[in-house]
Amino acid sequence: MMMAAKLFSLLHFFTLFCLFTVTFASTKEATALLKWKATLQNQSSSLLVSWTQSSKACKSWYGVVCFNGRVSKLDIPYAGVIGTLKNFPFSSLPFLEYIDLSMNQLFGSIPPEIGKLTNLVYLDLSFNQISGTIPPQIGSLAKLQTLHILDNHLNGSIPGEIGHLRSLTELDLSINTLNGSIPPSLGNLHNLSLLCLYKNNISGFIPEEIGYLSSLIQLDLNTNSLNGSIPASLENLHNLSLLYLYENQLSGSIPDEIGQLRTLTDIRLNTNFLTGSIPASLGNLTSLSILQLEHNQLSGSIPEEIGYLRTLAVLSLYTNFLNGSIPISLGNLTSLSSLSLYENHLSGPIPSSLGNLDNLVYLYLYANQLSGPIPSELGNLKNLNYMKLHDNQLNGSIPASFGNLRNMQYLFLESNNLTGEIPLSICNLMSLKVLSLGRNSLKGDILQCLINISRLQVLKIPDNNLSEEIPSSICNLTSLRILDLSRNNLKGSIPQCFGDMGGHLEVLDIHKNGISGTLPTTFRIGSVLRSFTLHENELEGKIPRSLANCKELQVLDLGDNLLNDTFPMWLGTLPKLQVLRLKSNKLYGSIRTSKDENMFLELRIINLSYNAFTGNIPTSLFQQLKAMRKIDQTVKEPTYLGKFGADIREYNYSVTVTTKGLELKLVRILTVYIIIDLSSNRFEGHVPSIMGELIALRVLNLSRNGLQGHIPPSLGNLFVIESLDLSFNQLSGEIPQQIASQLTSLAVLNLSYNHLQGCIPQGPQFHTFENNSYEGNDGLRGFPISKGCGNDRVSETNNTVSALDDQESTSEFLNDFWKAALMGYGSGLCIGLSILYFMISTGKLKWLSRITEWLQNRFII
């Protein structure tokens, strides 16, 4: 009995001792955590406000979980913590197994001391702002099963020590700036089921050792700089469900072995440099729901075996070099919701079997060489929202069955060989947002019935044979953003209500029709109109002043009409106007400018040619053209006018310009393309020297006016100009040397039919111009016209016949000399020298002195 009492007392003592020890240890851990909290920037406003000295850490602290009185879990995601891990008490929390600090605002680096948490099983630092490298000490966390540090600012390479974490099942280091290669040591992680390294700067090959990860279910390496081929060792990943290698620089062919991974449900290898054909073995992947191989260099035909993938929901093979026909077997993919085969070299007909794809929402077959009629069976696709068949060679008529596609929102059939009447059944598509039927040979009176489609945002039927009048009821389409009916045979006048559509209409293009009457006069304040293109019609009257309300207007093209007005200087108040084309109208009078310096600030193209403008070219106008006075050196890629939201197809502004002697249609308008065309008017006076300050000019055409005086030397400052036309004026004096020596981009020069005189200056481009650049100027001398210049100037008296003969002999020899040189260049040095030797041995000896004199003149000039 006494013994039992003593034993009980001893046990009681040890229990109290343990409780004291645990209490002391937990108090030490709490103190350490409070010290870390004190370093945070928002300790009073985060969810850690419950961490206080007076409360118990294991019972009342937010996110703190204890086991046997020791802190084992810190679960504080979304806690609003702002601070670093520099003072985190790694060494004071030896029993810590779980850390989740994700979705906070942690910054700074991960301290090497993290390697002291040897009992850690779960670590998640994702969605913070942590920077620096991953410390190699992380390889000491032998019990770690989950490591997530995605969406931070980590840099440097992935430490090979992570390969020591044999218990690891999930590794996610995505969305950082990690570089270097993937460590082969990751092949040691045989328990790994998830490996995500996407959206980094990782380069090099995919290690063969990745094929050792037999437990892997998800492999996501997308959006890196990986190169080399896809390793065949991936065939060992028999549990793999998701394979994402897209947006890298992988090359070579797609391994046949991938067809052995029967558990795959999602393959995305798109946006690489993969070549070769699509393996027929992919037809074995009967669990596959997504197959994306787009944006590669794949060739050959689409395997019939793809039609075995009955569970496939997304098939994307676009932007490759695939050829042959679309397999009929694709009609078996009844689970398919998206079929994208566009931008390939596919030919032959569209299979009628595609009409079996009841779940299809997206059908993209455009930009191929498909031919034959559009199968009427496509009208069975009741769930179809997007159909893009444009830019093919399809013929026949639009099937009337398309009227059954009641969920259709985007219908693109442009740029084919379609004929016949546009079926009125299309007007039944009440969900339609975009209808594009341009560049066919369609006809019919469809505009009247389209007014019932209230959701219509884009209506494009250019380049057809529409011949009806534009109904005023089309103004009821209050969702319409783009209306393009250009290049048809439309007649009648423009409904006046079009001016009231400015609250939603962004593009109005009805050019090259038979539209008559006057322009709408009621463009309202707040208009969002960006492009207004009505050129090549029969419009009369004045340019409405209410256009000044269209503050978003970038392109205004009213050229080739019968407008009768003075220059609309008030258009200069439009802050975004970049293209103003009023060519070939009946505009008259002098151009009166405004004292306001904020006029035409963004103007890049102005064409007033073929009108009846008089007076001097206004100097003050060119003082205001700020966009023409600067060249943006930071632009690395071409940029164009005309961008719209992702919900509609990009609409490119176009304009017709006269450049380099040719009239060209710019399908897209480069923002660097700066043009002034004032030709074929009645301007007088001098060419303003201030034009030399418009250094961004690419084309300047002042021809066919009554301009006088000298060519200003300041035009030599236009160092990017490509075409300069001052012909058919009354200019006099010499051609400035600055134009010849400084305009190194000049491809076309026309100074013909003026009163210029003196020597033609020589420069990098001037030797490429022919006689027609200078004809009609009797006072000009020098190359390339026949008269001499400089030291080789020849008197025109009868006493210089021998000199002329010598000059002709020299010219004759020089022509033959260069012919010989060119023949020698093209046929071989030996042949060329033989011809040259023959000429020297049979020619006159005067050539030697003449060529010496000619070379002296060239150097002097």
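Rules of the game
- Residues numbered from 1 in each chain as written.
- Predicted model: local features only at pLDDT ≥ 70, side-chain atom pairs only at ≥ 80, totals over all residues.
- Heavy atoms only, no water.
- Helix = DSSP H or I, 4+ residues; strand = E, 2+ residues; numbered from the N terminus.
- Buried < 20%, exposed > 50% of the residue type's maximum accessible area, 1.4 Å probe, protein only.
- Areas by Shrake-Rupley, 256 points an atom, 1.4 Å probe, with all protein chains shown as cover.
- Pairing = 2+ DSSP bridges.
- Disulfide = S-S within 2.5 Å.
- Polar contact = N/O pair within 3.5 Å; in protein donor to acceptor, adjacent residues only side chain to side chain.
- Contact = heavy atoms within 4.5 Å.
- Salt bridge = Lys/Arg side-chain N within 4 Å of Asp/Glu carboxyl O.
- Patch = residues over 30% accessible without salt bridge, like charges linked within 9 Å, V, L, I, M, F, W, Y side chains within 5 Å.
- Core = buried A, V, L, I, M, F, W, Y, C linked by side-chain atoms within 4.5 Å.
- Phe/Tyr/Trp six-rings, centres within 6.5 Å; stacked < 30°, edge-to-face > 60°.
- pLDDT = per-residue confidence, 0-100.

A closer look at the overall build of the protein chain
Step number 1: What the protein chain contains, in helices and strands, is 8 helices and 54 strands.
Step number 2: In the protein chain, which comprises 861 residues, the share counted as buried stands at 52%.
Step number 3: Surface summary for the protein chain: the accessible area is close to 37,600 Å², and the carbon and sulfur share equals 52%.

Here's the deal with the sheet that holds strand β53 (residues 755–759)
Step number 1: Strand order in the open sheet formed by 4 strands is β49-β51-β53-β54, and the pairing between neighbours is parallel. Bordering the open sheet on either side are β49 (708–709) and β54 (779–781), each of which pairs with just one other strand.
Step number 2: As defined by bridge partners, strand β51 (residues 730–733) adjoins β53 across 2 bridges and the pair is classed as parallel. Its bridge partner being in β53, Ser 732 is matched across the sheet by His 755.

Remarks on the pairing of strand β30 (residues 417–421)
Step number 1: Taken together, the 2 bridges between strand β28 (residues 393–396) and β30 define a ladder with parallel strand orientation. By the bridge assignment, Asn 395 is partnered in β30 with Asn 417.
Step number 2: Alignment of β30 against strand β32 (residues 441–443), held across 3 bridges, turns out to be parallel. From the neighbouring strand, Thr 419 faces β32, where its bridge partner is Ser 441.

A short note on the state of the cysteines
A covalent bond between the sulfur atoms of two cysteines is what we call a disulfide.
Step number 1: Across all of its chains, the model carries 3 disulfides by this definition.
Step number 2: Note on cysteine connectivity: Cys 475 is disulfide-linked to Cys 497, with sulfurs 1.9 Å apart. The disulfide joining Cys 475 to Cys 497 has a torsion of about 75 degrees about its S-S bond and is therefore right-handed. Taken together, the residues Cys 475 in the loop between β33 (458–460) and β34 (482–484) and Cys 497 in the loop between β34 and β35 (507–509) connect sequence positions 22 residues apart.
Step number 3: Since its relative accessible area comes to 14%, Cys 475 is described here as buried.

Structural notes on the side chain of Asn 222
Step number 1: Within the fold, Asn 222 resides in the loop between β13 (218–220) and β14 (225–228).
Step number 2: Engagement of the side chain of Asn 222 in a polar contact is seen with the side chain of Asp 220, the distance being 2.5 Å.
Step number 3: Within the local environment of Asn 222, its side chain forms a polar contact with the side chain of Thr 223, the two groups lying 2.5 Å apart.
Step number 4: Excluding residues that lie within four positions of it along the chain, Asn 222 makes contacts with Tyr 198, Lys 199, Tyr 244, Leu 245, Tyr 246, Glu 247 and Asn 248.

Some remarks on the sheet that holds strand β12 (residues 203–204)
Step number 1: The strand order across the open sheet built from 4 strands is β12-β14-β16-β18, with neighbouring strands paired in parallel fashion. With one partner strand each, in any of the chains shown, β12 and β18 (273–274) form the two edges of the open sheet.
Step number 2: When β12 meets β14, the two strands line up parallel, connected through 2 bridges. What sits directly across from Gly 204, in β14, is Leu 226.

Comments concerning the pattern of salt bridges
Step number 1: Under the definition given, this model contains 13 salt bridges.
Step number 2: The shortest N-O distance in the salt bridge between Asp 266 and Arg 268 comes to 3.0 Å.
Step number 3: The structure contains a network of salt bridges with shared partners spanning Arg 481, Glu 506 and Arg 530.

Quick look at unusual backbone geometry
Step number 1: Cis peptide bonds are those with omega within 30 degrees of zero, and the linkage from Phe 783 to Pro 784 qualifies with 10 degrees.
Step number 2: With respect to the secondary-structure elements, Pro 784 resides in the loop between β54 and α6 (801–827).
Step number 3: Even without being glycine, Glu 536 reaches a positive phi, approximately 60 degrees.
Step number 4: For Glu 536, the position within the fold is in the loop between β37 (531–533) and β38 (538–540).

Examining a nonpolar patch on the surface
Step number 1: Taken together, the side chains of Tyr 78, Met 103 and Phe 127 define a hydrophobic patch exposed on the protein surface, amounting to about 300 Å² of accessible area.
Step number 2: Given the relative accessible area of 32%, Phe 127 is considered partly exposed.

What about the nonpolar core?
Step number 1: Core analysis: the largest hydrophobic core is formed by 216 residues, its most contacted members being Ile 162, Phe 532, Phe 600 and Ile 676.
Step number 2: Counting residues per element, the ones that place at least two in this core are α1 (2–38), β2 (70–75), α3 (447–450), α4 (619–624) and α5 (737–742).
Step number 3: In terms of residue count, α1 provides more of this core than any other element does, 4 residues in total.
Step number 4: Excluding residues within four positions of it along the chain, Ile 676 makes contact with Ile 606, Phe 622, Leu 625, Met 628, Met 691, Leu 694, Leu 697, Val 699, Leu 700 and Asn 701.

Overview of the pairing of strand β7 (residues 129–132)
Step number 1: Direction of pairing for strand β5 (residues 105–108) relative to β7: parallel, over a ladder of 2 bridges. Residue pairing for β7: Gly 108 is matched across the bridge by Ile 130.
Step number 2: In this sheet, strand β9 (residues 153–154) lies alongside β7 in parallel orientation, the contact comprising 2 bridges. Residue pairing across strands places Ser 131 opposite His 153, the latter belonging to β9.

Considering the environment of Glu 602
Step number 1: Relative to the helices and strands, Glu 602 resides in the loop between β41 (588–590) and β42 (605–607).
Step number 2: By relative accessible area, Glu 602 is classed as partly exposed at 29%.
Step number 3: Distance from Glu 602 to Leu 577, taken between C-alpha atoms, is 5.9 Å for residues 25 residues apart in sequence.
Step number 4: For Glu 602, the residues in contact, after removing those within four places along its chain, are Pro 575, Lys 576, Leu 577, Gln 578 and Ala 627.

Some remarks on the packing of aromatic side chains
Step number 1: Counting across every chain of the model gives 20 aromatic pairs.
Step number 2: A centroid spacing of 6.4 Å and a plane angle of 50 degrees characterise the contact between Trp 36 and Trp 51, whose relative ring orientation is tilted. Here Trp 36 is found in helix α1, whereas its partner Trp 51 is found in the loop between α1 and α2 (57–60), with 15 residues between them in sequence.
Step number 3: The buried category is assigned to Trp 36, whose relative accessible area is 0%.
Step number 4: Relative accessible area serves as the criterion here: at 1%, Trp 51 is assigned to the buried category.
Step number 5: On the numbers, 6.3 Å between centres and 90 degrees between planes, the contact of Tyr 364 with Tyr 386 is edge-to-face. In this pair, Tyr 364 is assigned in strand β25 (residues 362–364) and Tyr 386 in strand β27 (residues 386–388), connecting sequence segments 22 residues apart.

A look at the confidence of the model for the protein chain
Step number 1: Taken residue by residue, the protein chain gives an average pLDDT of 87. The fraction at 70 or more is 84%.
Step number 2: Counting contacts from residues 10–25, a segment whose pLDDT is below 50, to residues more than four positions away or on other chains yields 3 contacts.

A look at the environment of Pro 784
Step number 1: Here Pro 784 falls in the buried class, since its relative accessible area comes to 17%.
Step number 2: Expressed as a C-alpha distance, the spacing of Pro 784 and Ile 760, which sit 24 residues apart in the sequence, is 8.4 Å.
Step number 3: Contacts of Pro 784, omitting those with residues within four sequence positions, involve Ile 760, Phe 769, Glu 770, Asn 771 and Tyr 774.

A short note on the environment of Asn 513
Step number 1: With respect to the helices and strands, the residue Asn 513 is situated in the loop between β35 and β36 (516–518).
Step number 2: Separated by 23 residues in the primary sequence, Asn 513 and Leu 490 have C-alpha atoms spaced 5.4 Å apart.
Step number 3: With near-sequence residues (within four places) excluded, Asn 513 lies in contact with Leu 485, Ser 486, Arg 487, Asn 488, Asn 489, Leu 490, Glu 536 and Asn 537.

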